[in-house]
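# Architecture at a glance
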Amino acid sequence: MPLDQLLRGVWRLRQLVVLAALLLLAAGTTLILAWPRAYVAQAVVAPAETTGLAASSMISANTLAPGSLLDTRPGGNFAVYLAALRSPEATAMLLRDTSLLEALAVARAESPMAPLRALLGVERALDGDDAQRWLERNLAVTQSLASVTWTLELAHPSRDTALEILERLHRFAESRVREDLALLTRRRIIALEGRLATERDLYLRTPLFELLAQHQRAALVVAAESTLASRLVSGPSVELRPSVPNRPLLLLLLGLAAPMACLFMAACWVLLRGPER
């Protein structure tokens, strides 16, 4: 179909297009304004390995080799720290120490889909899998493009709960790294002491004593340090006003998308009808 015929066909449907765009804008605006808002708790962390006095530098027998400039992936204890933030163990900790599951149940009961689920008979009790999905969906870990810092953001309808959960996750991830290192060094110290108790060769006992001294030093550092993986550049804090979802941005996108969608549907209708005879 020639372009001029297509434009004339869409122009004939201008009233329907305007009416459909207004209805779509009204429905979308109602949905955006009725969507529950949430507060965002934020913390800025950096890998502890970025400083020469980091615990990882004291534990390591040799100087840590710098990473490639093109490789921005986290490494060492900091990678374990980031992985522990969203781990099933972190979810279990939140279920044990906070009222996360009760809050999720209340939010689910107040959602617009609750009557439909009850009508279809698909309502079920919330469990750990729902809490795990909530944590993966609401906890954002973003790397800064200009520095080595990482931003942790967690959204929750309650301002105090958002701050509490983020603080607990940070402490849990650090304790997980510390427990793993303490367990590793303890096992190695026991193994080295057992080997030294039976080894009689002087040339083998000397390097074994050096290894034992290194692991004893590592055990001492792990016991003395409270943070091994990350450094808090900016401590956990929460905003004064809820910012999720971003209503102005969503309304602006809706104002652009609704008329374009209606024009597209009108053009498709004209093309399906074909040229007028």
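The preceding data block contains the structure.
Residues numbered from 1 in each chain as written. Predicted model: local features only at pLDDT ≥ 70, side-chain atom pairs only at ≥ 80, totals over all residues. Heavy atoms only, no water.

## Describing the packing of aromatic side chains
The criterion, for reference: We call Phe, Tyr and Trp rings a pair once their centres come within 6.5 Å, taking the six-membered ring for Trp, and we label the pair stacked below 30 degrees between planes, edge-to-face above 60, and tilted otherwise. Secondary structure elements follow DSSP: runs of H or I no shorter than four residues count as helices, runs of E no shorter than two count as strands, and numbering proceeds from the N terminus. Accessible area is worked out with a 1.4 Å probe on protein chains only. A residue is then buried under 20% of its type maximum, exposed over 50%, and partly exposed in between.
In the structure shown here, the tally under the stated rule is two aromatic pairs. Both rings, one in phenylalanine 78 and one in tyrosine 81, keep their centres 5.7 Å apart while their planes meet at 20°; by these two values the pair is stacked. Placement of the pair is phenylalanine 78 and tyrosine 81 together in helix α4 (residues 76-85), with a separation of three residues, close to one helical turn. Here phenylalanine 78 matches tyrosine 81 in class, with each residue buried. Feature note: the residues Phe78, Tyr81 and Trp150 constitute an aromatic cluster, connected by ring pairs.

## Considerations on the packing of helix α5 (residues 88-97) against helix α8 (residues 128-138)
Relative orientation and spacing of two packed helices are given, respectively, by the angle between their axes and the distance between those axes. Let me state the cut-off plainly: Helix axes use the C-alpha atoms of the stretch in contact, all axes being lines fitted to C-alpha atoms, and the angles between their N-to-C directions lie in the range 0 to 180 degrees. For classification, angles of less than 35 degrees are called roughly parallel, those exceeding 145 degrees roughly antiparallel, those between 65 and 115 degrees roughly perpendicular, and all remaining angles oblique. With the far helix as reference, a near helix turned anticlockwise by less than a right angle produces a left-handed crossing, and one turned clockwise produces a right-handed crossing. Here, residues are in contact when the closest pair of their heavy atoms is within 4.5 Å. Charged means Asp, Glu, Lys or Arg here, nonpolar means Ala, Val, Leu, Ile, Met, Phe, Trp, Tyr, Cys or Pro, and polar covers whatever is left, Gly included.
Between α5 and α8, the shortest axis-to-axis distance is 9 Å and the interhelical angle comes to 110°. Viewed along their axes, α5 and α8 adopt a mutual orientation that is roughly perpendicular. Between α5 and α8 lies a crossing whose hand is right-handed. Two secondary-structure elements touch here, α5 through Pro88, Ala90, Thr91, Leu94 and Leu95 and α8 through Gly128, Ala131, Gln132 and Leu135. Of the residues that constitute the contact of α5 with α8, the class distribution is six nonpolar, three polar and no charged.

## Details of the pairing of strand β1 (residues 39-47)
Stated precisely, the cut-off is as follows: At least two bridges found by DSSP between two strands is the condition for calling them paired.
In terms of burial, β1 is largely enclosed, as eight of its nine residues are buried. In this sheet, strand β3 (residues 150-156) lies alongside β1 in antiparallel orientation, the contact comprising seven bridges. Within the sheet, the bridge partner assigned to alanine 41 lies in β3 and is leucine 154.

## Here's the deal with the pattern of salt bridges
Going by this rule: Any Lys or Arg side-chain nitrogen located within 4 Å of an Asp or Glu carboxyl oxygen qualifies as a salt bridge.
Taken as a whole, this structure holds eight salt bridges when the rule is applied. The partner of arginine 176 in a salt bridge is glutamate 89, and the shortest N-O contact between them spans 3.7 Å. Taken together, the residues span a long stretch of sequence, with arginine 176 in helix α9 (residues 159-198) and glutamate 89 in helix α5 at a distance of 87 residues. Two residues, arginine 176 and aspartate 180, come together in a salt bridge whose shortest N-O distance is 3.6 Å. Of this pair, arginine 176 and aspartate 180 both sit in helix α9, four residues apart, which is roughly one turn of the helix. Several salt bridges converge on common partners, so that one network encompasses Arg96, Asp97, Glu164 and Arg168.

## Concerning the nonpolar core
Applicable threshold: By convention a nonpolar core is built from buried Ala, Val, Leu, Ile, Met, Phe, Trp, Tyr and Cys residues, the set being connected through side-chain atoms within 4.5 Å.
Residues Tyr81, Leu85, Leu135, Leu154 and Leu169 are the most contacted members of the largest nonpolar core, which totals 34 residues. For this core, the secondary-structure elements that each account for two or more residues are β1, α4, α5, α6 (100-109), α8, β3 and α9. At eight residues, α9 tops the list of elements feeding residues into this core. In contact with leucine 85, not counting residues within four places along its chain, are Ala90, Leu135, Leu139, Val141, Leu152, Leu169, His170 and Ala173. Counting residues in hydrophobic clusters, the runner-up holds nine residues, among them Ala21, Ala266, Ala267 and Val270.

## Some thoughts on unusual backbone geometry
Cis geometry is adopted by the peptide bond preceding proline 245, which originates at valine 244 and carries an omega value of 0°. You can see proline 245 is positioned in the loop between β4 (230-238) and α11 (247-273).

## Notes on a nonpolar patch on the surface
The condition that has to hold: Two distance rules govern patches: like charges are joined within 9 Å, and nonpolar side chains (Val, Leu, Ile, Met, Phe, Trp, Tyr) within 5 Å, applied only to residues with over 30% relative accessible area and no salt bridge. All accessible areas in this document rest on Shrake-Rupley with a 1.4 Å probe, and a residue is counted as covered only by the protein chains that are shown.
A cluster of nonpolar side chains, namely Leu249, Leu250, Leu252, Leu253, Leu256 and Met260, defines an oily patch on the protein surface of about 580 Å² accessible area. Judged by its relative accessible area of 43%, leucine 249 falls in the partly exposed class.

## Some thoughts on the layout of surface pockets
Threshold: Points on a 1 Å grid, built from protein atoms alone, make a cavity when a 1.4 Å probe fits but cannot get out and make a pocket when they are open with protein on both sides within 12 Å along at least 5 of 7 lines; residues with an atom within 4 Å of a point are the lining residues. Grid points are joined across faces, edges and corners, and a volume is the space filled by probe spheres set on the points.
Roughly 1100 Å³ of internal volume is contained in the largest pocket. Taken together, 30 residues line the largest pocket, and the ones lying closest to its centre are Trp35, Pro36, Ala107, Arg137 and Pro157. If you tally residues by element for the lining of the largest pocket, the top one is α8, at five residues. Counted by class, the lining of the largest pocket contains 19 nonpolar, three polar and eight charged residues.

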